[in-house]
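Notes for the structure review
The lines below spell out each chain.
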Amino acid sequence: MPESVVDPVDTVTEVPVAVVGAGPAGLMLAHLLGRAGVDAVAVDLRTREEIATTHRAGILEDGAARDLVETGVSDRILRAGHEHGGTELRFGGRSHRIDFRELVGASVWLYPQTEVFTDLADARARDGGTVHFGVRGTEVLDADTDRPRVRFTAADGTRHELRARYVVGADGSRSTCRGLVPERLRTRYGTEYPFAWFGVLAQAPVSAPELVYAHSEHGFALISQRTETVQRMYFQCDPDERTEDWPDERIWATLQARVAGEDGFRLVEGPILERSVLRFRSFVQEPMRWGSLLLAGDAAHTVPPTGARGLNLALHDVKVLAGVLLRALGAEGDAALADYQPLALRRIWRAQHFSSWMTRLLHTAPGATAFELRRQLGELDGVVGTRAGRAYLAEQYTGWPTAA
Ligand code: PHB
């Protein structure tokens, strides 16, 4: 008996592309397809409010920022974002600037992921795109056929079925879509790290003009920003650390110790508005396509946050995927899909390497020996003390051109 008889739905919608996940990757894909006249319906288990208030990374490559403006999402980034022409690496108690503009003629934008999401959700609403937030029980059916379906219960309790030509799994680092690829056909690559980040939002003025990535014998710290009056900071912690054990004074003492140095640099303190522990890992699942299902963004790969690559990588995936899907839905058919993985994967593995390298360069592994700490300082000196080292970091951090 067909499933629809067993489990009736209230609406059946034919749509070229169904997107599972309405974070930045899913919404940007729907936006790019919509601009080309192809409908895409996106669904997400989270409410719009939940996504908009979950703090994530804050750095966008210049190319990604330009894509938001030039494809008509919004030009708010140009007004509300901050362009940074460099960043600081701090170790041995001193800061060393990596000048992106001078080294590789590039810059990055400080523009939180929550703002990127808000711009994309607003653009979808403005352009008449359908996005179902706060759904339950999402199921992808028949992904290995050319008539895949997505079923879900909408926030108002009604049951829906999307009959699509392609389904995109953009459902984040805890993706269920990637689990649809049969185990015998998929390979998962990855590694865990013996530390996590303790992230805070602090009500305080900025402490430094650009981001500060700090290595210290006590562990890593990152000083980022949000607005003139709210700052984002992180410090390396144990993955099992509990936020309840961290009153404001302990957080500030830890952060100050990790950035302290002979130059007398100190963070401007203020009340801690939010605190959370962020675990991370490096992960890639291949293949990124199975039948009519394509994976994009964190669903297919995750990186540690140290190199600020995650969101940028997801946006690159969907830029490539949009082009491939438009060709597939046009004259070329499924054959066009073969281009997706090779075009996306090259950048994914570069970013995997860079993120893992930045992480190991700056964090102190539990039980690290005195040799290891000194070796790290030697490596850091090799990075900041040579033009090739600085240029390498600048080039990787500011991103690479889009795969053709
Ligand atoms: C952030 O601002 O949240 C941020 C910035 C750079 C990173 C990670 C997070 O590498």
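Rules behind the numbers
Residues numbered from 1 in each chain as written. Predicted model: local features only at pLDDT ≥ 70, side-chain atom pairs only at ≥ 80, totals over all residues. Heavy atoms only, no water. Helix = DSSP H or I, 4+ residues; strand = E, 2+ residues; numbered from the N terminus. Buried < 20%, exposed > 50% of the residue type's maximum accessible area, 1.4 Å probe, protein only. Contact = heavy atoms within 4.5 Å. Areas by Shrake-Rupley, 256 points an atom, 1.4 Å probe, with all protein chains shown as cover. Lys, Arg positive; Asp, Glu negative; His and termini not counted. Charge placed at Lys NZ, Arg CZ, Asp CG, Glu CD. Pairing = 2+ DSSP bridges. Axes fitted to C-alpha atoms, helices over the stretch in contact; angles between N-to-C directions. Parallel < 35°, antiparallel > 145°, perpendicular 65-115°, else oblique. Nonpolar A, V, L, I, M, F, W, Y, C, P; charged D, E, K, R; others polar. 1 Å grid on protein atoms, 1.4 Å probe; cavity = no way out; pocket = protein on both sides within 12 Å on 5 of 7 lines; lining within 4 Å. Points joined across faces, edges and corners; volume = space filled by probe spheres on them. Domains from an automatic or database assignment. Buried area = accessible area lost by both parts, 1.4 Å probe. Salt bridge = Lys/Arg side-chain N within 4 Å of Asp/Glu carboxyl O.

**Structural notes on the overall build of the chain**
For the chain, the count of helices and strands is twelve helices and 21 strands. In terms of overall dimensions, the chain has a C-alpha envelope of 75 × 45 × 40 Å along the principal axes. By the burial criterion, 53% of the 404 residues in the chain qualify as buried. Considering only contacts in the chain between residues 6 or more positions apart, those separated by 24 or more positions represent 72%. Summing over all exposed atoms, the chain offers an accessible surface of approximately 17000 Å²; the carbon and sulfur share of this is 51%. Within the chain, one finds 46 positive and 54 negative side-chain charges whose respective centroids are separated by 2 Å.

**Examining the sheet that holds strand S14 (residues 212–214)**
Read from one edge to the other, the open sheet built from seven strands follows the order S6-S5-S14-S15-S16-S13-S17, with strand pairing classed as mixed. Where the open sheet ends on each side, the last strands, each with one partner, are strand S6 (94–99) and strand S17 (272–278). Within this sheet the neighbouring strands show an average axis-to-axis angle of 20°, counted without direction. Summarising the sheet, strand S13 (residues 196–203) and strand S16 (residues 230–237) pair through eight bridges and their orientation is antiparallel. Bridging from a neighbouring strand, Gln203 pairs with Val230 of S16.

**Here we look at the packing of helix H9 (residues 310–332) against helix H10 (residues 340–362)**
For the pair H9 and H10, the least separation of the axes is 9 Å and the interaxial angle reads 170°. Here H10 runs roughly antiparallel to H9, going by the angle between their axes. Here Asn312, Leu313, His316, Asp317, Val320, Leu321 and Val324 of H9 come into contact with H10, specifically with Tyr340, Leu343, Ala344, Arg347, Ile348 and Ala351. Residue classes in the contact of H9 with H10 are distributed as nine nonpolar, two polar and two charged.

**Re the layout of surface pockets**
The volume enclosed by the second largest pocket comes to roughly 310 Å³. Glu61, Gly63, Arg347, Thr398 and Trp400 are, among the 20 residues lining the second largest pocket, the residues nearest its centre. Elements supplying a minimum of two residues to the lining of the second largest pocket: helix H4 (62–70), H9 and helix H12 (387–398). Tallied by class, the residues present in the lining of the second largest pocket amount to six nonpolar, seven polar and seven charged.

**Things to note about the domain arrangement of the chain**
If you check the domain split of the chain, you get domain 1 (3–58 + 112–192 + 281–358) and domain 2 (196–279 + 367–398). Relative placement of domain 1 and domain 2: their C-alpha centres are 32 Å apart. Here domain 1 meets domain 2 over a buried area of about 1300 Å², counting both sides, of which 61% is carbon and sulfur. Per-residue buried area on domain 1 facing domain 2 is highest for His55, Phe354 and Trp357; these three make up 42% of the total on that side. On inspection of domain 1 and its partner domain 2, the count reaches zero salt bridges.

**Focus on the pattern of salt bridges**
Per the counting criterion, the structure on display carries 34 salt bridges. Between Asp263 and Arg90 there is a salt bridge, and its shortest N-O distance comes to 2.8 Å. In this pair, Asp263 sits in the loop between helix H8 (248–259) and S17 while Arg90 sits in strand S5 (residues 86–91), placing the two residues 173 residues apart along the sequence. A residue is classified by how much of its surface remains accessible, and Asp263, at 45% relative accessible area, is partly exposed. Overall, Arg90 belongs to the buried group, its relative accessible area being 2%. Put simply, Glu102 and Arg387 hold a salt bridge, and the shortest N to O gap is 2.7 Å. In this pair, Glu102 is assigned in helix H6 (residues 100–104) and Arg387 in helix H12, connecting sequence segments 285 residues apart. Since its relative accessible area comes to 44%, Glu102 is described here as partly exposed. One salt-bridge network, in which partners are shared between bridges, spans Asp7, Asp142, Arg149, Arg151, Arg159, Glu161 and Arg163.

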